[in-house]
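The lines below spell out each chain.
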Amino acid sequence: MIHQYREGLRRAACLSVSLLSFVLSVLCSSCSRATVAYTDFAACGLSLPIDTSYVDKGLYIRSLGSGEADYPALFVYFQYLPALEALNAEMEAIKDGEMTQDLFDDFMEKAMQHYRQLAVAYAVPKTEYEDSVRDGGMDGKPYAGMRRIGSHNDRVYLARYGRTEGSTDGMEAEEKSLYEECVKEVERAFRRAKFIDLEEEAVPAGVQMPSSIPTFQSCDVKGTVVSNEIFSKADLTVVNVWGTFCGPCIKELPDLAEWDASLPSGVQLLGLVCDVNSPDDKVGMQDAQAILDKAGVRFTNILASDDWQVFLSSIQFVPTTFLVDKTGAVVGAPVVGADVRKYKKAVNDYLSKR
């Protein structure tokens, strides 16, 4: 469950996107070649004129919406499947209990010789981009060092593309030739990029939220016991599921704190910290409290105790925000991704139908 992997998720957040995407591409390489369409990437608002034949030459593109990354983004990679599949077979042949950190590190070092990032692009809110420029630079931002390639609606598009990672050392002649072809194709495509409307965030296909919250006993980040009774204290509760590892979650907390001070009568906010599940996790509680204090949050934030395990298994991304009435019933559709504007609309829509 989500809260059982807090430390793993924190470590994963520090890995490069290419490393994480490599794992996905090896496991799903057969389906990615068959299903990826290289035209419109509405999740990030980009349209690229990339020849689909380059899929067979090793091109792999992944588009992320704001529910999966700090900003809508596009990542483009070159992957040489013959070498990657051979390495994957070696890994699968290692018996349980024989895998060591050194073996894993050696495997990943070899794999990254055959898996190269060719481009990355972000759709950044125009106001944030302008603030960064006005403040003297973008150091520390995910998009630091990128070039501006265009704008559309309220977004500025920043990208880095071409031969962005290392040399071709370790590549066979055929692989090197394919790599060079893909580099040129990606450069050509980005020079002709067009910008389209971002698609609306949606609940991931196949995910069904439970109809009611579980019977639970937990505590908040300060150690105070909290149970289902908390929902009876308001006509409507906005539950924000977030994690201490989640950048978009943390970024929206000040906005939630501001909203909390002006909520409609009978409405309350409740945070559910998905990666801290017990008061015995002192470090987790301290981290969560420090994040909340910095954001100026005063509304209650509870730990994801064992009673929440089954419920949380239906949630694939954080933040995920949903509404609960005073009886504990989940009402309306959840909002996946950080978007306080959508939370407010969901509350207003619910109240207007009462």
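To be clear, the structure that these remarks concern was listed above.
Rules behind the numbers
Residues numbered from 1 in each chain as written. Predicted model: local features only at pLDDT ≥ 70, side-chain atom pairs only at ≥ 80, totals over all residues. Heavy atoms only, no water. Axes fitted to C-alpha atoms, helices over the stretch in contact; angles between N-to-C directions. Helix = DSSP H or I, 4+ residues; strand = E, 2+ residues; numbered from the N terminus. Parallel < 35°, antiparallel > 145°, perpendicular 65-115°, else oblique. Left-handed = near helix turned anticlockwise from the far one by under 90°. Contact = heavy atoms within 4.5 Å. Nonpolar A, V, L, I, M, F, W, Y, C, P; charged D, E, K, R; others polar. Core = buried A, V, L, I, M, F, W, Y, C linked by side-chain atoms within 4.5 Å. Buried < 20%, exposed > 50% of the residue type's maximum accessible area, 1.4 Å probe, protein only. Pairing = 2+ DSSP bridges.

### Quick notes on the packing of helix H7 (residues 247–260) against helix H8 (residues 282–295)
Contact pair H7 / H8: the axes reach a minimum separation of 8 Å and the direction vectors enclose 50 degrees. Regarding the angle of H7 to H8, the classification is oblique. The chirality of how H7 crosses H8 is right-handed. Contact residues: H7 offers Ile250, Leu253, Pro254 and Ala257, while H8 offers Ile291, Leu292 and Ala295. In terms of residue class, the contact of H7 with H8 is made up of 7 nonpolar, no polar and no charged.

### Let's talk about the nonpolar core
Of all hydrophobic cores here, the largest spans 51 residues; its most connected members are Ile213, Val241, Trp259 and Phe322. Setting aside residues up to four positions removed in sequence, tryptophan 259 forms contacts with Val238, Leu269, Val340, Tyr343, Lys344 and Val347. Among the nonpolar cores identified, the runner-up in size contains 29 residues, and Ile50, Ile61, Ala119 and Val183 belong to it.

### Some details on the sheet that holds strand E3 (residues 59–64)
Across the sheet, 5 strands lie side by side as E3-E4-E5-E7-E6; this open sheet has antiparallel pairing. Two strands lie at the open edges of the sheet, namely E3 and strand E6 (147–152), each paired on one side alone. Each adjacent strand pair in this sheet contributes to an overall mean axis angle of 20 degrees, direction not counted. Bridge analysis of E3 against strand E4 (residues 73–79) gives 6 bridges, and the strand direction is antiparallel. In the strand pairing of E4, arginine 62 is matched with phenylalanine 75. The strands touched by helix H5 (residues 126–134) within the sheet are strand E5 (115–125), E6 and strand E7 (155–161), with E5 carrying the most contacts at an inclination of about 100 degrees.

### Considerations on the environment of aspartate 280
Tracing the backbone through its elements, the reader meets aspartate 280 in the loop between strand E12 (267–273) and H8. When its relative accessible area of 68% is taken as the criterion, aspartate 280 is described as exposed. On a C-alpha basis, the gap between aspartate 280 and glycine 223 in space is 9.9 Å, while along the polypeptide they are 57 residues apart.

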